[in-house]
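Residue strings, one per chain:
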Amino acid sequence: MKSLKYMMAAGCLLSLGMTSCSDFLDVNVDPDQPTNESALVENRVPWIQRMYMYSAGLANYRTSTIAGVIYTTNGTVGPNCSTWNFAAGLTTSAYQTWYVESASNLNDLYNIAKKENAYHYMAVADVYSALGFMEMLDLYGEIPYTSSLGDSPVPAYDDGKTIYEGCMAKLDEAIELFGKQQPSSAAALSRGDVMNGGDVAKWLKMCYGLKARYMLKLSKKKDLFKPDEILSCLAKGPQSIDDNSVMPCYNDGQDVTDYLYGDPIMTNGNWNCVGYGSTQRISQYYYSLLTNMRGAGVEDPRFTKIVPASMCNIKLKDGKVSHSDWLRSSGVDTHGECTRLKAIGYNSIVAPTYSSKDNVVEYTIADDAARDKFVKDMKKVHEVTEEGNVVKVTYQAGSIYVSSKNYAAAGDTVYVSVRSNSKHTGNKDLADTDTYWYFQSADAMKAGAVGSTGSFQLRSVSDFEIMTYHEACFIKAEVLMRQGKKSEALAAYKAGIKAHLDYMQKKLTQWKSEGYDNPDMLPMDAQKIDDYLNSAAVCQDAAALTMSDIMLQKYVAMGCSLENWNDMRRFNYGAGNVDGFGVVYINYGAGKIEDSKVVYPGFDRSVLFTGNDKLKGTSKNDPTYWPRRWRLPANLELAYNGPQALAVNKHAMDTDIWSYPVWWDCATDAEYESYVK
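In this text the structure is predicted, and so the values were computed from the model without any measurement.

(A) Main features of the overall build of the protein chain. Within the protein chain one finds 22 helices and 13 strands. What you see for the protein chain is a C-alpha radius of gyration of 25 Å, in line with the 26 Å of a compact globule of 677 residues. Taken along its principal axes, the extent of the C-alpha atoms in the protein chain is 80 × 60 × 55 Å. Counting all 677 residues of the protein chain, 61% fall into the buried class. Taking the contacts inside the protein chain whose residues are at least 6 apart along the sequence as the reference set, 72% of them involve residues at least 24 apart. Carbon and sulfur atoms make up 48% of the accessible area of the protein chain, which totals about 24,300 Å². Treating the 68 positive side-chain charges of the protein chain as one cloud and the 80 negative ones as another, the clouds have centres 3 Å apart.

(B) Summary view of the pairing of strand β8 (residues 383-387). Inspection of the sheet shows β8 paired to strand β9 (residues 390-395) by five bridges, in the antiparallel sense. Bridge pairing links Glu 383 to Thr 394 in β9. Where β8 folds back onto β9 in an antiparallel hairpin, the turn is made up of two residues, including Gly 388, whose phi is positive at roughly 65°.

(C) Up close: helix α17 (residues 526-533). Inspection of α17 places Ile 529, Tyr 532 and Leu 533 among the buried residues, and these make up the whole buried set. Axial view of α17: buried residues confined to an arc of 95°, hence all on one face. Lining the buried residues of α17 we find α16 (486-513) and α18 (547-558).

(D) Structural detail: the sheet that holds strand β7 (residues 359-364). An order of β7-β9-β8 is seen for the three strands of this open sheet, with the pairing classed as antiparallel. The open sheet has two free edges, formed respectively by β7 and β8, since each of these has just one partner strand. Strand-to-strand twist across the sheet, computed as the mean angle between neighbouring axes with direction ignored, equals 20°. Strands in contact with helix α13 (residues 368-379) are β7, β8 and β9; relative to β9, the strand with the most contacts, it is inclined by about 15°.

(E) Region of interest: the nonpolar core. By size, the foremost hydrophobic cluster in this structure holds 168 residues, and its most contacted members are Phe 178 and Tyr 600. Of the residues forming this core, the biggest block, 16 residues, is contributed by helix α5 (residues 119-140). Residue contacts for Tyr 600: discarding those within four places in its chain leaves Tyr 285, Met 551, Leu 552, Tyr 555, Asp 567, Met 568, Phe 571, Tyr 573 and Gly 574. Counting 13 residues, the second largest nonpolar core, distinct from the first, contains Val 361, Ile 365, Val 384 and Tyr 401.

(F) Examining the pattern of salt bridges more closely. Evaluated as defined, the whole model comprises 31 salt bridges. Between Asp 463 and Lys 507 there is a salt bridge, with its nearest N and O atoms 3.1 Å apart. With Asp 463 in the loop between α14 (442-447) and β11 (464-467) and Lys 507 in helix α16, this pair connects stretches of sequence that are 44 residues apart. Relative accessible area serves as the criterion here: at 14%, Asp 463 is assigned to the buried category. Each of Glu 478, Arg 482, Lys 554, Asp 567 and Arg 570 takes part in one network of salt bridges that share partners.

(G) Examining the packing of helix α2 (residues 41-66) against α5 more closely. Direction vectors running N to C along α2 and α5 enclose 20°, while the axes themselves pass 11 Å from each other. When the axes of α2 and α5 are compared, the pair comes out roughly parallel. Here α2 runs over α5; the crossing is left-handed. Facing α2, whose interface residues are Val 41, Glu 42, Val 45, Ile 48, Gln 49, Tyr 52, Ser 55, Ala 56, Ala 59 and Thr 63, α5 presents Tyr 121, Val 124, Tyr 128, Leu 131, Gly 132, Glu 135, Met 136 and Leu 139. Considered class by class, the residues forming the contact of α2 with α5 number twelve nonpolar, four polar and two charged.

(H) How the structure looks around the environment of Cys 666. Mapped onto the secondary structure, Cys 666 falls in the loop between α21 (642-648) and α22 (669-676). By relative accessible area, Cys 666 is classed as buried at 0%. C-alpha separation for the pair Cys 666 and Gln 505, spaced 161 residues apart in sequence, amounts to 39 Å. Residues contacting Cys 666, with those up to four places away along its chain left out, are Lys 220, Lys 221, Pro 661, Glu 671, Tyr 672 and Tyr 675.

(I) Geometry of the pairing of strand β5 (residues 320-328). The sheet contact formed by strand β4 (residues 309-317) and β5 spans seven bridges and is antiparallel. Within β5, the residue paired with Lys 317 across the bridge is Lys 320. Joining the antiparallel neighbours β4 and β5 is a turn of two residues, in which Asp 318 adopts a positive phi near 55°.

(J) Structural view of the side chain of Ser 452. Mapped onto the secondary structure, Ser 452 falls in the loop between α14 and β11. Reaching out from Ser 452, the side chain makes a polar contact with the backbone oxygen of Arg 419 at a distance of 3.3 Å. Here Gly 454 takes part through its backbone nitrogen, which lies 3.1 Å from a polar atom of the side chain of Ser 452. Not counting the four nearest positions on each side in its chain, Ser 452 is found in contact with Pro 308, Ala 309, Ser 310, Val 416, Ser 417, Val 418, Arg 419, Tyr 436, Trp 437 and Tyr 438.

(K) Structural detail: α18. Spanning twelve residues, α18 covers 16 Å between terminal C-alpha atoms, matching the ideal 16 Å at 1.5 Å per step. Extensive coverage of α18 is indicated by the burial of twelve of its twelve residues. If you check which residues of α18 are buried, you get Met 547, Ser 548, Asp 549, Ile 550, Met 551, Leu 552, Gln 553, Lys 554, Tyr 555, Val 556, Ala 557 and Met 558. Looking one or two residues beyond α18, the residue adopting positive phi is Gly 559, at roughly 55°.

(L) Fine view of the confidence of the model for the protein chain. Of the residues in the protein chain, 91% have a pLDDT of 70 or more, and the chain-wide mean is 90. The low-confidence segment residues 1-29, where pLDDT is below 50, has 81 contacts with residues more than four positions distant or belonging to other chains. Segment residues 582-589: pLDDT under 50, and 36 contacts once partners within four positions in sequence are set aside and those in other chains are kept.

(M) Molecular detail of the environment of Asp 567. Along the chain, Asp 567 turns up in helix α19 (residues 562-570). Taking the relative accessible area as the measure of exposure, Asp 567 reaches 3% and is therefore buried. Each residue touching Asp 567, except ones within four places of it in the same chain, is listed here: Met 551, Lys 554 and Tyr 600.

Thresholds, definitions, all that
Residues numbered from 1 in each chain as written. Predicted model: local features only at pLDDT ≥ 70, side-chain atom pairs only at ≥ 80, totals over all residues. Heavy atoms only, no water. Helix = DSSP H or I, 4+ residues; strand = E, 2+ residues; numbered from the N terminus. Rg over C-alpha atoms; globule rule 2.2 N^0.38 Å. Buried < 20%, exposed > 50% of the residue type's maximum accessible area, 1.4 Å probe, protein only. Contact = heavy atoms within 4.5 Å. Areas by Shrake-Rupley, 256 points an atom, 1.4 Å probe, with all protein chains shown as cover. Lys, Arg positive; Asp, Glu negative; His and termini not counted. Charge placed at Lys NZ, Arg CZ, Asp CG, Glu CD. Pairing = 2+ DSSP bridges. Arc of directions from axis to C-beta. Axes fitted to C-alpha atoms, helices over the stretch in contact; angles between N-to-C directions. Core = buried A, V, L, I, M, F, W, Y, C linked by side-chain atoms within 4.5 Å. Salt bridge = Lys/Arg side-chain N within 4 Å of Asp/Glu carboxyl O. Parallel < 35°, antiparallel > 145°, perpendicular 65-115°, else oblique. Left-handed = near helix turned anticlockwise from the far one by under 90°. Nonpolar A, V, L, I, M, F, W, Y, C, P; charged D, E, K, R; others polar. Polar contact = N/O pair within 3.5 Å; in protein donor to acceptor, adjacent residues only side chain to side chain. Expected span 1.5 Å × (residues − 1). pLDDT = per-residue confidence, 0-100.

Written out as structure tokens, the structure reads:
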């Protein structure tokens, strides 16, 4: 590991000239020449909060592709979605951004705040230490922790148990510090806190919520799992959506970029990674839960807010869209039959383009049946001519089409990117920030031909979720279910669903009040919400409630979040070897009812799996059959600090380290040690 110096000043050198929330980021004792000694505690916190969000956004994105929420054709991340033949470069960014951009400032914030008796700022340092280092534990298993922020260029590594206990101790101290009254001489927390506006009560609820989240990780450990303590923490955690700790995000045109990757820092961290480019789409697994939860065939009211749409059947008049329909995206099948991906390749979904004039694409199709079907489908919309094996399709002006000459990709227009534009993307000149549409080209924007409406959690102005009431409800439901208290578990499960719907509705209502006319940014129909909550898509009978019901609704609500991957590991994915949670379920990939003992039905290795050297297990019941962690960054840790990594895990450099469970993913310390020693 390279020596980490104080990186905060690099960003603070910028004179931002922002207003409102931006003011937090542009003030120092000397804004033109800040130093580690002169930077005020209230000016350190916003940078730590923003930079942590960036690291967390990277972790959310890349683990969501493993967990089957997001599909991407990104060259580095794409293998996560189906082949699980993980790329080495996958693991660098989240690690680097955490250590360099956030963690390197934590000790200074804590120590300077301590000198000033600014207890609440000390507590904030503790909270972000817990958030960031627990993220690193979740991803990598063993990392430099106790000596990571010192002067050594080769800090020692700690095992997972040490890191976990250290993070929990940080939260306990934060709770104690938030409980103290600061002297009047100390800066009020409201002067530096972008996330909770200095609301100490909300910070305390966040701390207890995080403690509950982290204690839940120990669900496999009979000697350490303490359900009553989790419930006690939840009683002190978020009690309504007003208690949600979320980072507000902006697109005000005066943003600055981070100094490692050049991405804007005021925008949503998930958007920076998922909604920034046009290669990401909703997976079929996630899509099916929004349209067929519990096999009920009921559309979730969140469906049209999460799954994007594009214009289709466009008619032009004087170069402008005079008529169009909305095409709601299909989900990309990555863990079922994968018919489309098998046709060309695991990362082969082709992005469509806008046709400003008539364009002819020629396809050579040797198979008679395939050619006949293709011609029949195309004639429904376009002009088609045939010359032997060659099919010529004329895409009229205004069409959204795929320019590839491979006929198997022609239908990829049904897979709409989750991208939404902002003032800070490479496509910023095409940004209509009154709607947050995505346009494929300048011609498309000029015509008003929308390429994507975007997705709720993934816009630049979406809130970045840190700890929410809906997550707390689902944690409570799981714990109560484990205790056999099914009636109480049902109530918590239903409260979690409603909490997420209420949270989304509140944000959608805010967007409407701000003048956005993007239909996917407008509120849901209240009657549809009530109908859904009372439908068969939501379990209504405590006796029928399953752990799968709870976890699949949590999966939908958490969306692009590292916590979905954490939960999948705790329940061993689709192994069906977690005691007491057998269910009869709908196989969402195949669309049929099957008997099994799984919490995530239909989720298995893809038929496109090629990661045999990464995941060597041959049975679903073998932990090493599934992705369990990331390999350490080769170009940072293994190249510069390899001996220290090997000292705590002798397999740190092995190719199959991806399949080795982290500490909390093991039932006992002995099991954990069998993997690392």
